[in-house]
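Single-letter residue listing:
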Amino acid sequence: MNFQQLRSIRETARCGYNLTEVANVLFTSQPGVSRQIRELEEELGVDIFERNGKRLTGLTDPGRGILQIIDRLLLEAENLQRASQEYAGQEIGTLAVATTHTQARYMLPKVVQVFRKEFPKVRIALQQSTPEHIAEWVLSGKADIGIATEGLSQFEDLVSFPCYRWHHSVVVPDGHPLLEKKLITLADLAQYSLITYDLGFTGRGHIDDAFKKADITTDIVLTAMDSDVIQQYVSLDLGVGIVASMAVKQNGSNGLKVIDASHLFAENVTRLAVRRGAYLRQYAYDFIQQFAPELSRADIDEAMKAHA
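What this report covers is the structure whose coordinates are included nearby. Within every chain, residues take consecutive numbers counted from 1 along the sequence as written. Selection of residues for local features in this predicted model requires a pLDDT of at least 70, selection of side-chain atom pairs for listing and counting requires 80 or more, and totals for whole chains, interfaces and linings are taken over all residues. Only hydrogens and water are set aside; all other atoms, that is, all heavy atoms of the structure, feed into the side-chain values.

### Regarding the environment of V172
Convention followed: Comment: elements are numbered from the N terminus, with helices defined as DSSP H or I runs of at least four residues and strands as E runs of at least two. With a 1.4 Å probe rolled over the protein chains alone, any residue whose accessible area is under 20% of its type maximum counts as buried; one over 50% counts as exposed, and the rest are partly exposed. The criterion used for residue contact is that any of the two residues' heavy atoms lie within 4.5 Å.
Note on placement: V172 falls in strand β7 (residues 168-173). Residue classification places V172 among the buried residues on the basis of a relative accessible area of 0%. Counting along the chain gives 86 residues from V172 to V258, while the straight-line C-alpha distance between them is 6.7 Å. In this view, V172 contacts L178, L179, V234, V240, G255, L256, K257 and I259; residues no more than four positions away in its chain are not counted.

Next up, the structure:
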């Protein structure tokens, strides 16, 4: 039994049993992957994968239990490597942070700036994607830390921490009729075409829930992942924008006006997640505490133990 065999099993399950994709991930050949799987099955004396001819189609019952053990073994191997790196060079390495555009654009710059001053030899790899992909990257070890408003608390193998709370704001061009109202309502918004986030992004669920509970039909004419893109199309007078409050604090030169909408939509909570059981290097703790100052190392360790 060797680590290459274990990685072949894990990646086969992750890649949907597509051995060509597995070979690309492991920088080897498809026949090589097949051989590693076959040799481990022969050594263990059980079939790990179900087959249709030569094609793998799923996990057998023993295979599901074996995969859980393999995941733990490989995680501990990764932890061992991180621990050795910690003692060999505490301030050298790479910190991979997976996050959404809104977090990377508006909330992380100051955190990264301070972190770089404290750890100038640590490279930061910012990976931007959907909340679902962010969770997958942290679970797979491709990212050390994940930051998003939606989705991270839904995964059992992730330990997530609430970091800060925020609301949505409405943005409109200067002179828009909504600016004349002292306190806008959902019905007021529904009179106009709306531009906001894609489903699953930046609190979009709370926006939809508010209109649904009020039994109000909306005309959402355009959606995007990027707060800047939403505001760009609002500036072209294509609709009324609903964006994260932190995305409009720095504006003022784009001709848009901001209307408070904290009374219309539920509060959002941005969370930071790490993989349960993962070994965190000292600079990872420091990054987390820069992003969420109220979290202590003891808080983080306690949460990790509580979910073990």
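### Focus: the side chain of S245
Put simply, the test is: Here a polar contact is recorded for every N or O atom pair within 3.5 Å, except that within protein the pair must consist of a potential hydrogen donor and a potential acceptor, and residues adjacent in sequence are included only if both atoms are side-chain atoms.
Of note, S245 is situated in the loop between β10 (240-244) and β11 (256-260). A polar contact is formed between the side chain of S245 and the backbone oxygen of H167, at a distance of 2.9 Å.

### A word on the pattern of salt bridges
To keep it simple, the criterion reads: When a carboxyl oxygen of Asp or Glu lies within 4 Å of a side-chain nitrogen of Lys or Arg, that pair is called a salt bridge.
Within the structure shown, the criterion is met by eleven salt bridges. A salt bridge links R14 to E11, with the nearest nitrogen and oxygen atoms 3.2 Å apart. Here R14 pairs with E11, and both are found in helix α1 (residues 3-14), just three residues apart, close to one helical turn. Take E11: its relative accessible area is 8%, and that puts it in the buried class. One salt bridge in this structure joins E41 and R51, with 2.8 Å as the shortest N-O distance. Of this pair, E41 sits in helix α3 (residues 30-44) while R51 is found in strand β1 (residues 49-52), placing the two residues ten residues apart along the sequence. You can call R51 partly exposed: its relative accessible area is 39%. Members of the salt-bridge network, linked through shared partners, are R10, E11 and R14.

### Examining the nonpolar core
Note the following rule: Buried Ala, Val, Leu, Ile, Met, Phe, Trp, Tyr and Cys residues form a nonpolar core when they are joined through side-chain atoms within 4.5 Å.
If you look at the biggest cluster of nonpolar residues, it comprises 44 residues, and the most contacted ones within it are L95, I145, L272, V274 and F287. Per element, the largest residue contribution to this core is six residues, and it comes from helix α10 (residues 282-291). If we skip the residues at most four places from it in the chain, L95 touches F115, V122, R123, I124, A125, D144, I145, Y283, A284 and F287. With 18 residues, the next largest nonpolar core counts A23, L26, L59 and L67 among its residues.

### So, the packing of helix α5 (residues 101-118) against α10
Quick note on the threshold: Structural elements are reduced to axes, namely lines fitted to C-alpha atoms, with helices fitted over the stretch in contact, and the angle between N-to-C directions of any two is expressed from 0 to 180 degrees. Roughly parallel means an angle under 35 degrees; roughly antiparallel, over 145; roughly perpendicular, 65 to 115; everything else is oblique. Note: crossing handedness is left-handed where the near helix turns anticlockwise from the far helix by less than a right angle, and right-handed where it turns clockwise. Basically, the charged four are Asp, Glu, Lys and Arg, the nonpolar ten are Ala, Val, Leu, Ile, Met, Phe, Trp, Tyr, Cys and Pro, and anything else, Gly included, counts as polar.
Their axes nearest at 10 Å, the elements α5 and α10 cross at an angle of 130 degrees. Taken together, α5 and α10 sit at an angle that is classed as oblique. Judged by the twist between their axes, the crossing of α5 over α10 is right-handed. Between α5 and α10, the contacting residues are Q103, M107, L108, V111, V112, V114, F115 and E118 on the first element and Y283, D286, F287, Q290 and F291 on the second. For the contact of α5 with α10, a count of residues per class yields nine nonpolar, two polar and two charged.

### Some points on unusual backbone geometry
Negative phi is the rule for most residues except glycine; trans is the rule for most peptide bonds. Of note, the phi angle at F27 is positive, near 55 degrees, even though the residue is not glycine. Inspection of the secondary structure puts F27 in the loop between α2 (19-26) and α3. Look at D215: it is not a glycine, yet its phi comes out positive at around 55 degrees. With respect to the helices and strands, the residue D215 is situated in the loop between α8 (204-213) and β9 (219-224). Given the relative accessible area of 71%, D215 is considered exposed.

### Quick word on α1
As a reminder of what qualifies: For a helix, the expected span equals 1.5 Å multiplied by the residue count minus one.
Across its twelve residues, α1 extends 16 Å between first and last C-alpha, which sits within 8% of the 16 Å expected from 1.5 Å per residue. Buried residues of α1: Q5, L6, S8, I9, R10, E11 and T12, and no others. The N-terminus of α1 is capped by N2, whose side-chain oxygen sits 3.1 Å from the backbone nitrogen of Q4. Once α1 ends, the next one or two residues include G16, with phi positive near 70 degrees.

### What about the environment of I69?
Structurally, the position occupied by I69 is in helix α4 (residues 61-88). Using a relative accessible area of 42% as the deciding quantity, one classes I69 as partly exposed. The spacing of I69 and I9 is 60 residues in sequence and 11 Å in space, taken between C-alpha atoms.

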